[in-house]
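So the chains spell out like this:
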Amino acid sequence: FMCYEDEDALSLKEYMQGIGEVDDVSFIIGPEGGFSDSEASYAISEGVCAVGLGKRILRTETAAVTSVGMCMLYCELEEGL
């Protein structure tokens with residue numbers, strides 16, 4: 001998935017809940033200032049799922065750590081902690 005600040009329709013939580021059991025996770029974090037419209041459109045056209053991380057805009061290094069933590073939490077919740 002791609003963490004995209006302009007994605008309002010699908011949150012990371014909804015995405016993780018919808019994919020079932022997870023063995024591997026790969027994600028793309030954009031540069032400071034975010035992805036350009038053409039970068040986001042290209043990634044989505046190539047099959048990358050765009051997800052939002054919430055209403056706050058995070059710095060690049062914070063978005064990466066937040067995404068990993070959220071993925072770990074959702075995977076553990078699926079397993080029943």
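Preceding this section is the structure that the text describes.
Procedures and definitions
Residues numbered from 1 in each chain as written. Predicted model: local features only at pLDDT ≥ 70, side-chain atom pairs only at ≥ 80, totals over all residues. Heavy atoms only, no water. Core = buried A, V, L, I, M, F, W, Y, C linked by side-chain atoms within 4.5 Å. Buried < 20%, exposed > 50% of the residue type's maximum accessible area, 1.4 Å probe, protein only. Helix = DSSP H or I, 4+ residues; strand = E, 2+ residues; numbered from the N terminus. Phe/Tyr/Trp six-rings, centres within 6.5 Å; stacked < 30°, edge-to-face > 60°.

> Mind showing me how you'd approach the nonpolar core here?
Here is a general trend for soluble globular proteins: nonpolar side chains tend to be buried in one another's company. Core analysis: the largest hydrophobic core is formed by eight residues, namely Phe-1, Cys-3, Leu-12, Met-16, Val-51, Met-70, Cys-71 and Tyr-74. Secondary structure elements with two or more residues in this core: α1 (12-18) and α3 (60-79). In terms of nonpolar packing, the next biggest core, distinct from the first, is built from six residues, Met-2, Ala-40, Ala-43 and Ala-50 among them.

> Help me understand the packing of aromatic side chains in this model?
Geometrically, a pair of aromatic rings is defined through the distance of the ring centres and the angle of the planes. In total, this model carries three aromatic pairs according to the counting rule given. Feature note: the residues Phe-1, Tyr-15 and Phe-27 constitute an aromatic cluster, connected by ring pairs.

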